[in-house]
Amino acid sequence: MEDSPSYALKLKNINKHYGGVHALKAVDFDVQTGEIHCLVGENGSGKSTLIKIISGAESPDHASEIFIKGKQYRALSPIISVEAGIQVIYQDLSLFPNLSVFENIAISEYGEKRASLVNRRRMREKAQQAMNKINVKLNPDKLVRELSIADKQVVAITRAIATNAQVIIMDEPTASLSKHEIDELLKLIINLQKKGFTIVFVSHKLDEIMSISQRVTVLRDGDKIGTYQAQELDERKIEMLMTGREFDLNQSTDKKITQKTVIEVRQLSKRKNYKDISFRVNEGEILGITGLIGSGRTEVALSLFGMNKPDSGEILLEGKAVQFKTNYQAIQAGISYVPEDRLSEGLILPQPISTNIIVPILDRMVNKMRIFIKEDVKTVVDNWVKDIGIKTKNPENAVKTLSGGNQQKVVLAKWLATKPKLLILDNPTVGVDIAAKNSIYEIIRQLAKEKLAIILISDEVPEVYRNCDRILIMHRGRIKEEVKASEISEKVLNEKVIGGVVSV
Amino acid sequence: MSKITKRNEFYLALVILALVLLLTFTTDQFMTLGNLLELFTSYSFLGIMSAGMLVVLISGGIDLSFTATATISQYIMSTVIIEHGGNLFLAFLIGAVIGVALGCVNGLLIHFIKKHPLIITIATLNIYKGLLMYFTKGKWIYNFPLWFSKPHDIFIFENSQGDIFPISLSLFLFFILFIILAFILQYTKIGRKVYALGGNREAARRMGFNIFGLTLFVYGFMGLLAGIGSVSHALIVQTVAPNAIIGKELDVIAAVVLGGASLQGGSGTVLELSSV
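Conventions used here
- Residues numbered from 1 in each chain as written.
- Chains lettered and ligands numbered in written order.
- Predicted model: local features only at pLDDT ≥ 70, side-chain atom pairs only at ≥ 80, totals over all residues.
- Heavy atoms only, no water.
- Helix = DSSP H or I, 4+ residues; strand = E, 2+ residues; numbered from the N terminus.
- Rg over C-alpha atoms; globule rule 2.2 N^0.38 Å.
- Buried < 20%, exposed > 50% of the residue type's maximum accessible area, 1.4 Å probe, protein only.
- Expected span 1.5 Å × (residues − 1).
- Contact = heavy atoms within 4.5 Å.
- Buried area = accessible area lost by both parts, 1.4 Å probe.
- Salt bridge = Lys/Arg side-chain N within 4 Å of Asp/Glu carboxyl O.
- Polar contact = N/O pair within 3.5 Å; in protein donor to acceptor, adjacent residues only side chain to side chain.
- Nonpolar A, V, L, I, M, F, W, Y, C, P; charged D, E, K, R; others polar.
- Pairing = 2+ DSSP bridges.
- Phe/Tyr/Trp six-rings, centres within 6.5 Å; stacked < 30°, edge-to-face > 60°.
- Lys NZ or Arg CZ within 6 Å of the ring centre and 35° of its normal.
- Axes fitted to C-alpha atoms, helices over the stretch in contact; angles between N-to-C directions.
- pLDDT = per-residue confidence, 0-100.
- Core = buried A, V, L, I, M, F, W, Y, C linked by side-chain atoms within 4.5 Å.
- Patch = residues over 30% accessible without salt bridge, like charges linked within 9 Å, V, L, I, M, F, W, Y side chains within 5 Å.
- Areas by Shrake-Rupley, 256 points an atom, 1.4 Å probe, with all protein chains shown as cover.
- Left-handed = near helix turned anticlockwise from the far one by under 90°.

Trainee: How should I be thinking about the overall build of chain A in this particular structure?
Mentor: For chain A, the count of helices and strands is 18 helices and 20 strands. At 25 Å, chain A has a C-alpha radius of gyration in line with the 23 Å of a compact globule built from 504 residues. Along the first, second and third principal axes, the C-alpha atoms of chain A reach 75 × 50 × 50 Å. Looking at the 504 residues of chain A, the share that counts as buried comes to 54%.

Laid out in structure tokens, this is it:
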């Protein structure tokens, strides 16, 4: 029964140890020919290990069995796997930015030993054939560097097609795409399926999984939890299966917004950035700002933080007009901004967690001689690690050793250590898995209860809907609408945000 | 048009043109065929080495040791032809073999030690230089055999006044090597793989390209051209000195980068380089 040909791929009893870590525990996994199969799981659940085994980059422990189209393999190597028609598209796409589109698509020609000269005409034909096969059009002579991320994605898929892949495994393909680009990609994937390709799609964005896949396999901590028909599942159930816990996704109601205004913005404008922005945020309130990328959200936030000087308008902090020339002044005045790109703007990855946390408050950690007081540093760091729940054995470990969710907590701790009055969060949960996401939401709500004023900027409608009291929808630099989360449904809010595009 | 103005060489050409015009109008010696040939000939050995450096930079690496490689090649080549005699072909062959050998040592170290090529080649620069000083005691060599000292001209033009304009072997080699390099980079698989390696090393590894082989090729090629360039240099100046070429590393790298190669790897063409 194990070699039934309707399976494009079948793995039985896969075990994998890394040193003392049991990364995969007797996992069975099968993919039927022509299906879109989603593989989901949190960071560290064993998804990547499983993919590496399928691609031949890692070999499984003894007694593991692998069948591709009915043929049994003890272990795979990258070459065997490619020859058997399996192609993995990694998250980084593995493209050559300095080469043209057609060279990238037909790059496997360079690996062939037959001739030492380049046959550009044949490569071009091969690339064109692969593009025609899946109905995509790209200028073959353009350098890949000049393409959008979405088009790069298309090049990577076309390259897989050009090597005669039948099974295409895509590792988190949507992580760096905008909503619109994701929709295009999903359409392309469904189109691939119609042409007879088999797709394994790794993701942790649940709405995507639900919209395209036939079956879903869930991994947790190296165990296979199960394989399910997609229609049996809803987002909530997948979350539960992935994390083993149930989360309260409802809006929190048990907090008190005081009448004291922390920040007020009046008629703020900046040419080519945003226009006539007015709002206020009270103590204990969470104000959501959403809208599509390029709607001016981040620009407004940076203006509040002294990093993007507005042309006109007023910013009042606790009733007093302020004009920050630098973000240092803004920090001193009690404003913190947690940037979207924590890797390049928020953290010093090779440095210890402790050092990262005290960066903005170095001035408060020194004695009269401007020498660090070690005990103070330790107390502050230990408190924050505990309060925020950063999972680490030792705060002296480098930040890069943490998972995405825990890294984001370090960024939060760092800014909270400045004891701000206003906390601005720009897409705080990008690239963070569900459990960590929820714990970040809990922290945010807790902070609001402790009377912090919070501005939460996010692409994700559910994120602002579940956490915010009021929500501003921005479109092309203006506030299009302001809604109270308690008065509308998530669906209506979603339509309002997307509606901005349709009306263009 | 906009495509032309975006390219580095366009601005480079403007600067060179301005310089040429300035020199032409301020002296009447500059814009003569004789002077230009002289100028190109005296830089041809650096040009040959820059061709090797171009390949290294495209692959995403760097080599600071090639001047020491070149000087060692020069000393060995000179010693052999002075003591045992020989011919020009043998001279170049010795230079090339020593160059390739020392270049491959770089390639091996870079591949197996897995440290940045900058560090490795600074180290080998000092090792090669140290060995050179130890064995040569800093002695200059200028007693070349006659066959080596006579002018080696490939073509000789004569104008109506009877002035002669020789195209030296060094200059000729420089052009030939540029053409060969252009061919390798554009039309051979190994050339394209060097670009791929410089563009995305990890992806090149995943494609199953032989990274070790490519690294050896790149640094071996650099060594080859350092060796050939060094013999060419000896032909031009008729002297071999320990400090004649060492110290010119940065001139060569600057020329290649000005010619459009990126220090991050992956870009640069021979066309761009030849305009420098």
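Trainee: Whenever I open this one, helix H6 (residues 149-162) of chain A confuses me. Can you help?
Mentor: At 3.6 residues per turn, the α-helix brings residues three or four places apart onto the same side. Residues and elements named next belong to chain A. Over its 14 residues, H6 extends 20 Å from the first C-alpha to the last, a length consistent with the 20 Å expected when each residue adds 1.5 Å. Most of H6 sits out of view: eleven of its 14 residues are buried. Listing the buried residues of H6 in full gives Ala150, Gln153, Val154, Val155, Ala156, Ile157, Thr158, Arg159, Ala160, Ile161 and Ala162. Residues of H6 that are buried sit in contact with strand E6 (86-89), helix H3 (101-105), helix H5 (120-133), strand E7 (167-171) and helix H7 (179-194). Just beyond H6, the residue with positive phi is Asn164, at close to 65 degrees.

Trainee: Whenever I open this one, the interface of chain A and chain B confuses me. Can you help?
Mentor: How big an interface is tends to be expressed through the accessible area that disappears when the partners come together. Listed by partner, the interface residues are 21 residues for chain A and 17 residues for chain B. Buried surface at the junction of chain A and chain B, summed over both partners, amounts to about 1,700 Å²; 58% is from carbon and sulfur atoms. Seen at the junction of chain A and chain B, the total is two salt bridges. Of the charged contacts in the structure, one is a salt bridge between Glu103(A) and Arg192(B), with a shortest N-O distance of 2.7 Å. Where chain A packs against chain B, one counts ten residue pairs in polar contact (both at pLDDT 80 or more). Take the side of chain A that touches chain B: its biggest share by element is four residues, from helix H4 (residues 108-111) of chain A. Residues that form the side of chain A that touches chain B fall into these classes: ten nonpolar, five polar and six charged.

Trainee: Whenever I open this one, the pairing of strand E1 (residues 7-18) of chain A confuses me. Can you help?
Mentor: Working note: regular strand, side chains alternate between the two faces of the sheet. Residue and element names in this part refer to chain A. Note: E1 against strand E2 (residues 21-32), eight bridges, orientation antiparallel. Residue Tyr18 lies in a different strand from E2, and its bridge partner there is Val21. Turn length for the E1-E2 hairpin, with the two strands adjacent in sequence and antiparallel, is two residues, and the turn residue Gly19 shows positive phi of about 55 degrees. Sheet analysis places E1 next to strand E4 (residues 65-68), joined by four bridges and oriented antiparallel. Bridge assignment links Lys12 to a residue of E4, and that residue is Glu65.

Trainee: Quick question: what am I supposed to make of the packing of aromatic side chains here?
Mentor: Here the distance between the centres and the angle between the planes together describe a pair of aromatic rings. Residue and element names in this part refer to chain B. If you walk through the whole model with that rule in mind, you get ten aromatic pairs over all chains. For the ring pair Tyr134 and Phe135, a centre distance of 5.1 Å and an interplane angle of 85 degrees mean the geometry is edge-to-face. According to the relative accessible area criterion, Tyr134 is exposed, its value standing at 57%. Plain terms: the ring middles of Phe174 and Phe178 are 4.8 Å apart, the flat faces sit at 70 degrees to each other, and that makes the pair edge-to-face. In this pair, Phe174 and Phe178 both sit in helix H8 (residues 169-187), four residues apart, roughly one turn of the helix. Phe178 gets classed as buried once you look at its relative accessible area, which sits at 9%. Positioned above the aromatic ring of Tyr134 is the side chain of Lys137, whose terminal nitrogen or guanidinium carbon lies 5.2 Å from the ring centre. Over the aromatic face of Tyr195 sits the side chain of Arg192, whose NZ or CZ is 4.7 Å from the ring centroid.

Trainee: What exactly am I supposed to notice about the sheet that holds strand E15 (residues 320-321) of chain A here?
Mentor: Two modes of strand pairing occur in sheets, parallel and antiparallel, and in both the strands are linked by backbone hydrogen bonds. All names here are of chain A. With respect to topology, four strands assemble into an open sheet ordered E12-E11-E14-E15, the strand pairing being antiparallel. The sheet is open, and its two edges are formed by strand E12 (274-282) and E15, each paired on a single side. Across six bridges, strand E11 (residues 261-270) lies against E12 in antiparallel orientation. Directly across from Glu264, in E12, lies its bridge partner Arg280. The strands touched by helix H10 (residues 297-304) are E11, E12 and strand E14 (312-317); relative to E12, the strand with the most contacts, the crossing angle is about 65 degrees.

Trainee: Sorry, what's going on with the confidence of the model for chain B here?
Mentor: A low pLDDT means the predicted coordinates there should not be read in detail. Confidence in the prediction of chain B, expressed as mean pLDDT, is 85, and 89% of residues score 70 or more. In the predicted complex, the global pTM is 0.74; the interface-specific ipTM is 0.81.

Trainee: What exactly am I supposed to notice about the environment of Ser45(A) here?
Mentor: All names here are of chain A. Counting through the fold element by element, Ser45 comes out in the loop between strand E3 (36-40) and helix H1 (47-55). On the basis of relative accessible area, Ser45 is assigned to the buried category, the value being 2%. Ser45 sits 21 residues away from Leu24 along the chain, and the two C-alpha atoms are 8.3 Å apart. Once residues within four sequence positions are removed from consideration, Ser45 is found in contact with Ala23, Leu219, Arg220, Asp221 and Gly222. One polar contact links the side chain of Ser45 to the main-chain carbonyl oxygen of Glu42, over a distance of 2.7 Å.

Trainee: I would appreciate a short explanation of the environment of Thr429(A) in the present structure.
Mentor: Residue and element names in this part refer to chain A. Looking at the element boundaries, Thr429 is found in the loop between strand E17 (422-426) and helix H16 (434-449). Among the residues examined, Thr429 registers a relative accessible area of 2% and is labelled buried. Thr429 sits 25 residues away from Gly404 along the chain, and the two C-alpha atoms are 8.9 Å apart. Those residues in contact with Thr429 that sit more than four places away from it in its chain are Gln408, Lys437, Ile440, Tyr441, Glu460 and Glu463. Side-chain polar atoms of Thr429 contact the side chain of Glu463, separated by 2.3 Å.

Trainee: I keep staring at unusual backbone geometry and nothing clicks. Help me out?
Mentor: Leaving glycine aside, a negative phi is the common case for residues, and trans is the common case for peptide bonds. Residue Leu93(A) is not a glycine yet carries a positive backbone phi of 70 degrees. The backbone phi angle of Gln238(B) is positive, close to 60 degrees, even though this residue is not glycine.

Trainee: What should I look at first to understand the nonpolar core in this one?
Mentor: Taken as a class, soluble globular proteins show a tendency for nonpolar side chains to be buried jointly. The biggest cluster of nonpolar side chains holds 129 residues, and the ones touching the most others in it are Ile157(A), Ile168(A), Ile189(A), Ile199(A), Met53(B) and Phe148(B). In this view, Ile199(A) contacts Glu35(A), Ile36(A), His37(A), Ile168(A), Met170(A), Ile189(A), Leu192(A) and Gln193(A); residues no more than four positions away in its chain are not counted. Counting 77 residues, the second-largest nonpolar core is a separate cluster that includes Val281(A), Ile353(A), Val399(A) and Ile455(A).

Trainee: So what exactly am I meant to see when it comes to a nonpolar patch on the surface here?
Mentor: Residues and elements named next belong to chain B. A cluster of nonpolar side chains, namely Phe89, Leu90, Leu93 and Val97, defines an oily patch on the protein surface of about 380 Å² accessible area. Structurally, Leu93 is set in helix H5 (residues 88-113). Residue Leu93 is classed as partly exposed on the basis of its relative accessible area of 40%.

Trainee: Would you take a moment to explain the packing of H5(B) against helix H11 (residues 211-237) of chain B for this structure?
Mentor: The relative placement of two packed helices is expressed as an angle between their axes plus a distance between the axes. All names here are of chain B. Interaxial distance between H5 and H11 falls to 6 Å at its minimum, and their mutual angle equals 145 degrees. In terms of crossing hand, the pair formed by H5 and H11 is right-handed. Residues belonging to the contact of H5 with H11 are distributed by class as follows: 17 nonpolar, eleven polar and no charged.

Trainee: What should I look at first to understand the pairing of E7(A) in this one?
Mentor: Residue and element names in this part refer to chain A. For E7, a buried count of five out of five residues is recorded, marking the element as mostly surrounded by other parts of the structure. Judged by which residues are buried, E7 turns out to be covered on both faces: Val167, Ile169 and Asp171 on one side and Ile168 and Met170 on the other are all buried. Pairing analysis gives four bridges linking E6 to E7, with the strands arranged parallel. When the bridges of E7 are listed, Gln87 appears paired with Ile168. By the bridge criterion, five bridges tie E7 to strand E8 (residues 198-202) in an arrangement that is parallel. The residue bridging Asp171 from the neighbouring strand is Val202, located in E8.

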